[in-house]
Every structure is written in C-alpha cells, then in structure tokens.
Amino acid sequence: MGTRRKDLGESFLEWLLKLLSESEEIEFEDFNLEASEFQLDVTGIASIVKPMLEAAKSMEARAIELIEELPKPEAMFTNRIAEVRIGATRSEGGSRGRVIVIGGEVTMPFYSFSALNPNPPVVSGDVFDWKLPLPKPLRDSFGDAMDDPAEWAKLYIDKFDADMVTVELTSTDPSIRDTPVREAVKVVENVLQAVDSPVMVGGSGDPVKDVELLTEVAAIFEGERLLLSSIPSPEDRFKPIAEAAKRYGHNVVAWASLDINLQRDLDRAILNVLPPERIVIDPTSAPLGYGIEYAFSVMERIRIAGLMGDRELALPMLSGTSNAWGAREAWLKTPELGPREVRGPLWEAITALTFLLAGCDLFIMMHPLAIKTVKQTISWLYGRWDTPAKAIPNWLEEM
Amino acid sequence: MAKKISPMDVYKLLPRLNCGRCGISTCLGFAAKLVERAARLEECTPLFEEERYRDNLSQLREVLRPPVLEVAFGPPGREVRVGGKLVLHRHELRYMNPTVLAVDVWDDIEGDLESRVKLVDSLSYTYIGRELKLNALALRCRSGDPSRFQDLAEKVSKLTDLPIILCSLDPEALEAALLKVGDRRPLIYAATEDNWRDLSELAKMYGCPIVVSSPGNLSKLRGLVKVLNDEGVDRLVLDPGTYVGEGLAYTVNSFTLLRWLACRQGDRLSGYPLLAIPAVVWADEGFRGKPEEASWMEATVTAMMIARYADIAIIHGVEVWQLLPNLILRENLYTDPVKPVSVEPGLREFGSPDDRSPLLVTTNFALTYFTVSSDIESAKLNCYLLVVDTEGLSVESSVAGRKLTAEKIAEAMKEYRVAEKVSHRKVVIPGLAARLKGELEDLTGWEVLVGPRDSSDIPSFLAKYWRI
Ligand code: B12
Ligand code: SF4
C-alpha cells in the first residue's frame, strides 16, 4: 500500500508544484512529501488548492483501493527430505574433485513464497558401456566418443556442462553381450579416471547379474560414494547390493514402477539396511506422450507425502529422462513434424522440466541442448523469485 | 482447504420437480452429479427458463463456484472454457479445462495474415485417437491505431470462427475492434491500473470477459480484481506477468502462489483463470532476430506454464516441432488420473481381411491400441484385432491387475463373434500376456500363439509363424 500511495502523491505534488510556481504566488522550498504537513503549509491559499487537494484525495483513494495485500500462505509442510551426498573427495576417502548434494527440500519445488529449498537439482550425463543403437540426433552429438565410455563421460562434463555422469553397464545383460563383471569394472575405473565429477553406476536390470556386478563395483571402489542403480521392487534378491553399499560407503537407487505403495515398501526394506542419506528413489520416468502424467503425479504425491512426514518417501528423486527418446515422436524422421534434430532434444528437455516441477532432484540425460536448457532453467528458477529480475518487454508492440 | 460441498446443499436449491429433463430421473441424482462436476447446471433447463428460480440459480452458482472460476469466451458453438479448477494437484481429482493455446496475429502484419490464421485453425495432430489442436487467436494492436486494429478484427472474423483474444491497452482500440467482433464474445486483454474503468465499461457493454494485468505486482493484481468486482465485473482472467530467463522464478512462483491461495485458502481474489504469455520471449532483447532460439525457449516456457497452472497461453512461434510436445503435454496432464484414456472394445479390421487372416488380441488402453494399430497399418497387414475391455489398462498392467484374463479374452471372442469371421481357430496374444496361453486354450479350444513383446515385431512374427 505504502509505495503506491507515495508514487501517486509524488506525481500529484509535482504537478501541483508546477502549477503553483507558474502562478508565482508561492514558492516551496525543502518540500516535504508528507501530505498532512503539506496541507498545513498551503492553508493560506486554500481557495486555489482546495479543489486540487480533493482531486488528490480521490486519486489517493483509488490508489489505496488498487492494492490488496496477499493473504499470508498458511504453513504447508513439516518434514524435510533427506540430503544425499554423491561422490567423495580425496580428503573424504574418494578421488572426486567435488561432491554433489541433492535433496534437503522443505517445500514443494518453487514454492519459494513458503520456504527456500537448499540444493538445486543436477544433471547426469548418460554413458553406456557399448555402442547401443541410438537415434541419429544423439549419435551426431556424441560422434566417436560413443566408442569409449571414458571419452563419452568427458564429453558430458567438459563440453555439455553436466554435473556428473551415469555409467550404464547394460552390456553385462546376459541377453545383450553378457560382458563379464571384471570388464565392466574396468569401464567404471576408466570413467572415474577420465572425470573428477561424482559418478552413478547402473546395472543391466538382470536380477542375478546385477547383484554380482554392483556388489563387486561397491567393493572395488570403496569410499567413492557412488550412486548404485538400482534396487528394484520387490527387493528381496537385491539385499546384497544395499549391504555392499553400506559396507563400502555408497548410495543406492530404489526403483519402483510408478506405484507409490510399492515405492514405500521398497524404501522401507532398504531403510532397514541404509540410512535415508544413502537412498535416492527412482519412481520411473514415463516420458512425454507415453505416460508422463503417471510419472508426474506419482512424483508429486511422493514429494508431498515426504514433506508431510512420511519418512519412507522423504528421499530425493531421480529421473531417467533419456527415456524420452523412446517416444516415437521424438526420433521419427517425419518431416511434417519438423526436424528431429530439434524435436528430439526438445522432447527430452520438456520431459525433464515437467519432472523438475514435480520435485525431481537428479536428471539422467543425453542431448547437449536438452542438458543445457535444463541446467539453465534450474539456475533461473533458483534465482530471485520475489520480484521480477527485469522489466517485462512490451510484447504487444515490440514483436 | 477449499470447502467441500454436500449434494444436499445443492439439492435444496434445485427445482425439485424430478422431471428428468437434465437426463437424470431425480433432482437428488442430478445434485450428486453436480457436486462431482460430472454435470453442468445448464442441463437443468427449468432453472433457466422459469423466472421463479432466479434466486435459486444465483445461489446455486455461488454454492458450486469452484476455487478457480470458470470463464468462457468465443462464439457460440465454438466457445472455450478456461479455469474451473477444483484442485491444486491433478491426483487430488483431475484438472478441468485444458490450457487454451492461443497464437498471436497483429494488425500491421507484413506477411500473409490469411495463411497464419488458416495454419492455426487447421493445425491438428492425431495422438492416440484424439485430435490435438490450437484453440484461439490473440489479436495484437501493434500499430497503436484503432482503425487498423478494427480492420484486423474484421478480417480475422471473416477467415475463421476461432475464439479471439483482443489485445491492447487502449480502450479506444479495443472498442473499435469490439464494434466488429463483440458478438463473438472475445476475451479482452487487458485491464490495468490506468484503464480499468473504461475496460469495465466495455466488459459490461459487450458482455465479454476481461484479463486483469499487473505484471510483477500481485497485490495490485488483487486490488484490480477487487475494484472490478465492486463494479460488478466478475468474469476475469489474471495476468500476473510472464517473465522469462532470469524472471522465470518470479513467474513460476506467482502462478503457484495464486493457485495455492485459490485452492487451499479459498482466496476469492486469486480464484480466476491464469493467463501466461510465453510469446514475450520474442520481444526479449536476448532473442530478437533469433527465431530458432526464441521458438525453443518459448516452447520450454510454455511447457512449464502448462504444468504450472496456466489456463491460457499466448504463443507466437508456430513451428510444428515446438507445438507438438506441448499439445501432447497438455493432453497428458489433463487426462483424468483415475480413468485412463481408452478406446471402445470390439473387433477391428485392418486392410481387407478374409477368413484366413490372422486374429490378434490387445487391450483397450488408448496408448496400447494406437501403438499396435499404427504398427499394423504401417506394415499394411490384413488382419483382425480383438480389443478387449481392460478398463483402459496396458497389456502388462492389466495382466498383473487381472483385467486381462483368459476368461475375458474368451468372452470377448464370443461377444464379437470372431468365429464367424475366420475359418481357422488360431489367435495371437501379446508376448506380455504369455501366461494366459494355457488357460485360454482350455477355455476356447483354439490354438493360442504367443506373439512378440513389442507390437513393432508383429509383421515379422506373422511372416514367420502364421500358417493356415
Ligand atoms: C503406466 C503403468 C501403469 C499405470 C496404468 C497405465 C495404463 N493405463 O495401463 C498404472 C499406474 C495405473 C498402473 C497400474 C498397475 N500396474 Co503398471 N505399469 C505401468 C508401466 C510403467 C507402463 C505401462 C505402459 O503404459 N506401457 C505402454 C503400453 C503401450 O504397452 P503395452 O500395453 O504392453 O503394449 C505393448 C506390448 O504389450 C505390445 N502389444 C500390445 N498389444 C499387442 C498385441 C499383440 C498381438 C502383440 C503381439 C503385441 C502387443 O506392443 C505394445 C507396444 O510395445 C509399466 C512398466 C513399464 N515400464 O512397462 C508398469 C507395469 C506394467 N505395471 C505393473 C503392475 C504390477 C501394475 C499393478 C497391478 C500394480 C501396480 N504396480 O500399480 C496395477 C494394475 C492396475 C489395476 N488397477 O489393476 C507391472 C507388471 C508386472 C508384471 N509383469 O506382472 C509393471 C511391469 C511394472 C513393474 N515392473 O512392476 N501401471
Ligand atoms: S431437470 Fe432440474 S428439476 Fe428436472 S429432474 Fe433434473 S434437476 Fe430436477
């Protein structure tokens, strides 16, 4: 209310001042903007000023009417999402140049008017241990780096500005190449040497091989605080992965398929082994056009439940956003839909941005343009929120 | 929390004639539907036709007023409704009235106005059996000249009957345009602190809803709503300002705060549809003369605003690659979370099948059905596809949730008389339903072939295994 009244008051007084000085009847020095004092000063020329004052009053009345202070947002949440640290520096017993912290939220994403969340979400570049078939726009942006996971990882960090990398050891799948665990471990080692960012390691999803693989990775890279992916629901057979993570100081991903109850059961089981600060959940990222609404709502529900006090869901979330490339509309070479060189990455970017608004903390992504967009958007959204950063452009006339 | 309405409160105010004209035999039944938002007040015709119900009608409107008012604009028959939102999160019920996507045209347009209008009018993409389309035109008075603006309105109205948003801050220009298209009930953009008196007059005179604009100042926005309400103008849409780039934090927060206040704290002054203008990207100094970058940025902002409460979005870029993901995002987020998008069950024919053609089985989840049918179509197969009612669940979910069982398939085979269509006795089930094979064979006596897990492999599967 205050500011607006002052604006109007000021301009009115300026105008009045001008009028009066033109009439040369009175001169104001050290002019005071307080309307009440002003009134006292001008009583002598009441006959001229009175109607003007009345006009001013009605303008002021209008100005006051135009301001309706916002109701204070009621308290919303009571709980805090666990904070997970990924990667360990040399002094912490690892070899990383830096550590990434995710989680720690106290409110829904970008409800800054209620509270500020501490850790901006991050992007992880998706690296595979074999040259899997990918849509052309992706192949084109990786080039030869796809032949060598270490080079591929460097590309994400050095050129695409990703915060960390995810090494997907999918070639270990018995139905793909059945790469022996020994060789897969070597790939992880090469990546750890190529980049000094935190690293996530993913298995193939094969229940038997994954246990063998991820427990071995955990042991060999003791102290690196990797993020091991994943422990699917139901978890019984995967318990050794959680135990290895505990023994050797790593984090795990708890992965359920778009089901909040399954997710809770799975988290509860893992929480018997690991503290919440070691668990990231993957509620499954169905992409744009292929179930994004399920994933969006499941993430929102999980985050709300976590913030309201559900300990088993108060964990940071990740999204396998590169899934977006599975949508036909993303990669189909259909000229009527525009060039897939931009359509594909936009598909990936929009899939990520939608989950960003649902509360996702970590995005596993592929296309440089999509990564850049998501990183930039995150930095904007974590910037100043209470007043606009700049004036709004005149879109009516200037475009 | 927004108040919960009981059907009794509504019932008390209905005519209580039990005349059935609303399509439901009792007023109480209709009241229940109204509360669930499964019926509209307009369907009870006596309420509108008879003078004696006038008070009741206005009371009903009040009782049923959603946290976010529903506002309609556009010509009769092609009007769009915006707002009407009941919940903050879609999982709490569902989102009503999908975001209206409006494309701008301007009065000193240098290119071809007609082709731009036609493009907006005709653009359509078929996604799981639905036509995804743009919904409105935003006419900008760019010249500052009321007569040119009027000209534009007139021209546009001859080219299309798409709903219109008239955009200018000059009451004279708006009135000039309203003289030509006022009868199409355009949405008027915008009332500001400087022109709100004139705009409220225009709104009353032409019976049109108006946008209230106060970029960057939510208290003033609410203040404007208040004075307009006091003037008797209630059909409003709010423009809290769409700031892009570094301003995005402000935009997302203010949209969220307004929607929170409306849905959770019952704040009337915030309870109106929200207008986003991702098109501002094009006027931003950082993007002038860089159409690709602007289209890209505009698309990402539009997506976020669709997910965060925009009921209308005005956009400028019309590249298909930028529109398509947002048309789909809107469609996805506005589906009913408890009712998956489904298709009619039944027996479909592809190509020109005969009695020796393959018989395939799938579910009635729209995404499943359209994925399978597009694979069949693109391979130009001649076959039958039996679509089983799984209450809109995909193959794997429905097998797991026992909505797709051997009994269900056997029943559907009977109901849709497949035995009369084919002379063979073979049926192909999806690979993900493999476990139903034995039981289905027992129930029907037919030979059951387990198909591939992904429907894109159906053509090669049939080439290899279909022998009659
Ligand atoms: C989205 C989803 C849901 C949504 C439902 C969406 C819907 N409308 O169906 C919701 C959240 C509601 C849901 C519920 C359930 N789901 Co669910 N769901 C999924 C998810 C993530 C994607 C399913 C999907 O949409 N696929 C896309 C469609 C197009 O695939 P499709 O129908 O299978 O069609 C393909 C093929 O089958 C084939 N095909 C189709 N027709 C035909 C025909 C022929 C002739 C041939 C040859 C091929 C073929 O081609 C198609 C294209 O590839 C999957 C996991 C996953 N990532 O796959 C789990 C999944 C299917 N669900 C699962 C389960 C267990 C359930 C529930 C029972 C419990 C739960 N987890 O919530 C309930 C059941 C619902 C009920 N009420 O009974 C399990 C199934 C496990 C199993 N194998 O038994 C899965 C695999 C997740 C998991 N790993 O736990 N689910
Ligand atoms: S039309 Fe109106 S009065 Fe008649 S049954 Fe329906 S609700 Fe009752």
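Residue indices follow the written sequence of each chain, beginning from 1 at its first position. Each chain takes a letter, starting from A, and each ligand takes a number, starting from 1, following the order in which they are written. Restriction of local features to residues with pLDDT of at least 70 applies here, the model being predicted, together with a cutoff of 80 or more for giving and counting side-chain atom pairs; totals for whole chains, interfaces and linings are based on all residues. Note that water and hydrogens are dropped before the side-chain values are worked out from all heavy atoms of the structure.

S.K.: Where do I start with the overall build of chain B in this structure?
M.R.: Each helix and strand counted, chain B has 18 helices and 17 strands in total. The buried share among the 468 residues of chain B stands at 60%. By definition in these notes, contact holds between two residues if any of their heavy atoms fall within 4.5 Å. Taking all contacts inside chain B whose residues are at least 6 apart in sequence as the whole, residues at least 24 apart take part in 66%. The Shrake-Rupley method, run with a 1.4 Å probe sphere, supplies the accessible areas, and residue values consider only the shown protein chains as cover. When the accessible surface of chain B is totalled, it reaches about 18600 Å², and 47% of it is carbon and sulfur. Lys and Arg are tallied as positive, Asp and Glu as negative. Neither His nor the chain termini are counted. Charge positions come from single atoms, namely NZ of Lys, CZ of Arg, CG of Asp or CD of Glu. Both charge centroids of chain B, one from 59 positive and one from 66 negative side chains, sit 5 Å from each other. Elements are defined by DSSP. Helices are runs of H or I of four residues or more, strands are runs of E of two residues or more, and each kind is numbered from the N terminus. Whether a residue is buried, partly exposed or exposed follows from its accessible area with a 1.4 Å probe, protein chains only, as a fraction of its type maximum: under 20%, in between, or over 50%, in that order.

S.K.: How should the sheet that holds strand β10 (residues 362–365) of chain A be read in this particular structure?
M.R.: Two pairing modes exist for strands in a sheet, parallel and antiparallel, and in both the strands are linked by backbone hydrogen bonds. Residues and elements named next belong to chain A. Criterion used throughout: strands pair if DSSP finds at least two bridges between them. Strand order in the open sheet made by the 8 strands is β8-β7-β6-β5-β4-β3-β10-β9, with parallel pairing throughout. This sheet does not close on itself; its edge strands, each paired only once, are β8 (279–282) and β9 (318–319). Note: strand β3 (residues 122–128) against strand β4 (residues 164–168), 5 bridges, orientation parallel. Bridge pairing links F128 to E168 in β4. Here, axes are lines fitted to C-alpha atoms. For helices the fit covers the stretch in contact, and angles between N-to-C directions go from 0 to 180 degrees. Most of the contacts of helix α12 (residues 340–358) go to β10, to which it runs at about 170°, and overall it touches β9 and β10.

S.K.: Is there a simple way to think about the coordination of the cobalt atom of ligand 1 in this case?
M.R.: Working reference: metal with six octahedral donors, ideal angles 90 or 180 degrees; metal with four tetrahedral donors, ideal angle 109.5 degrees. Water is not among the atoms examined, so metal sites may look incomplete; donors are the N, O and S atoms within 2.8 Å of the metal, or within 3.2 Å for Na, K and Ca. A lone protein donor binds the cobalt atom of ligand 1: S397(B) (OG), at 2.6 Å. Residue placement: S397(B) occurs in helix α14 (residues 395–400).

S.K.: How should the nonpolar core be read in this particular structure?
M.R.: The tendency in soluble globular proteins is for nonpolar side chains to be buried as a group. Counting residues in each nonpolar core, the largest one holds 244 residues, and the members touching the most others are F142(A), W152(A), Y156(A), W395(A), L139(B), I165(B) and Y189(B). The residues touching F142(A), leaving out its near neighbours within four places in the chain, are L134(A), W152(A), L155(A), Y156(A), F160(A) and M366(A). Side-chain atoms within 4.5 Å are what join buried Ala, Val, Leu, Ile, Met, Phe, Trp, Tyr and Cys residues into a set we call a nonpolar core. Core analysis: the second largest hydrophobic core is formed by 22 residues, V361(B), Y384(B), V395(B) and L404(B) among them.

S.K.: So what exactly am I meant to see when it comes to the site of ligand 1 here?
M.R.: Taken together, 31 residues are adjacent to ligand 1, and D259(A), T362(B), T368(B), S394(B) and S397(B) come closest. Residues within reach of ligand 1 are spread across chains A and B. N or O atoms closer than or at 3.5 Å make up a polar contact, with two conditions inside protein: a donor-capable atom paired with an acceptor-capable one, and, for residues adjacent in sequence, both atoms drawn from side chains. Contact between ligand 1 and T368(B): an oxygen atom at 2.6 Å from a side-chain N or O atom of the residue. Put simply, the parts of the chain that give the shell around ligand 1 at least two residues each are β14 (359–363), α13 (366–378) and α14 of chain B. Per element, the largest residue contribution to the shell around ligand 1 is 4 residues, and it comes from α14(B). Gly is put with the polar residues, along with every residue not named as nonpolar or charged; the nonpolar set is Ala, Val, Leu, Ile, Met, Phe, Trp, Tyr, Cys and Pro, and the charged set is Asp, Glu, Lys and Arg. Grouping the amino acids of the shell around ligand 1 by side-chain chemistry returns 16 nonpolar, 10 polar and 5 charged. The cutoff for a nearby residue is simple: one of its non-hydrogen atoms must lie within 4 Å of the molecule or strand.

S.K.: Honestly, the interface of chain B and chain A in this entry has me stumped. Any pointers?
M.R.: How large an interface is tends to be reported as the accessible area lost when its parts come together. Contact with chain B, which involves 82 residues of that partner, is made by 69 residues of chain A. Counting each side, the surface lost to burial between chain B and chain A is near 6800 Å², with a carbon and sulfur contribution of 68%. Three residues stand out in chain B for area buried against chain A, namely N253(B), W296(B) and W321(B), and they jointly supply 10% of the buried area on that side. Here K390(A) ties to D284(B) by a salt bridge, and the two come within 3.0 Å at their closest N and O atoms. Buried surface area refers to the total accessible area, computed with a probe of radius 1.4 Å, that the two partners give up upon joining, counted for both partners together. We define a salt bridge as a side-chain nitrogen of Lys or Arg found within 4 Å of a carboxyl oxygen belonging to Asp or Glu.

S.K.: So what exactly am I meant to see when it comes to the domain arrangement of chain B here?
M.R.: Taken domain by domain, chain B consists of domain 1 (7–63), domain 2 (70–333) and domain 3 (346–465). Reported domain spans reflect what an automatic or database domain assignment gives. The gap between the C-alpha centroids of domain 1 of chain B and domain 3 of chain B is 45 Å.

S.K.: Hey, could you run me through the packing of helix α10 (residues 292–307) of chain A against helix α12 (residues 320–333) of chain B in this one?
M.R.: A packed helix pair is summarised by two numbers, namely the angle formed by the two axes and the spacing between the axes. For the pair α10(A) and α12(B), interaxial distance at closest approach is 8 Å and the crossing angle is 60°. Taken together, the axes of α10(A) and α12(B) are oblique relative to one another. Considering how the two elements wind past one another, α10(A) and α12(B) form a crossing that is right-handed. Residue-level contacts link I292(A), E293(A) and F296(A) of α10(A) to L329(B), N332(B) and L333(B) of α12(B). A breakdown of the residues in the contact of α10(A) with α12(B) according to their chemical character gives 4 nonpolar, 1 polar and 1 charged. Roughly parallel means an angle under 35 degrees; roughly antiparallel, over 145; roughly perpendicular, 65 to 115; everything else is oblique. Here is the rule for handedness: rotate from the far helix to the near one, and if that takes an anticlockwise turn smaller than a right angle the crossing is left-handed, while a clockwise turn gives right-handed.

S.K.: What is the right way to look at unusual backbone geometry in this model?
M.R.: Among all residues save glycine, negative phi is the norm, and among peptide bonds the norm is trans. Residue and element names in this part refer to chain A. Cis geometry marks the peptide bond from S229 to S230, where omega comes out at 0°. One can find S230 in strand β6 (residues 227–232). In this structure, the amide linkage connecting S233 to the following residue, P234, adopts the cis form with an omega of -5°. Looking at the element boundaries, P234 is found in the loop between β6 and α8 (239–248). Positive phi, normally seen in glycine, also occurs at D161, with a value near 70°.

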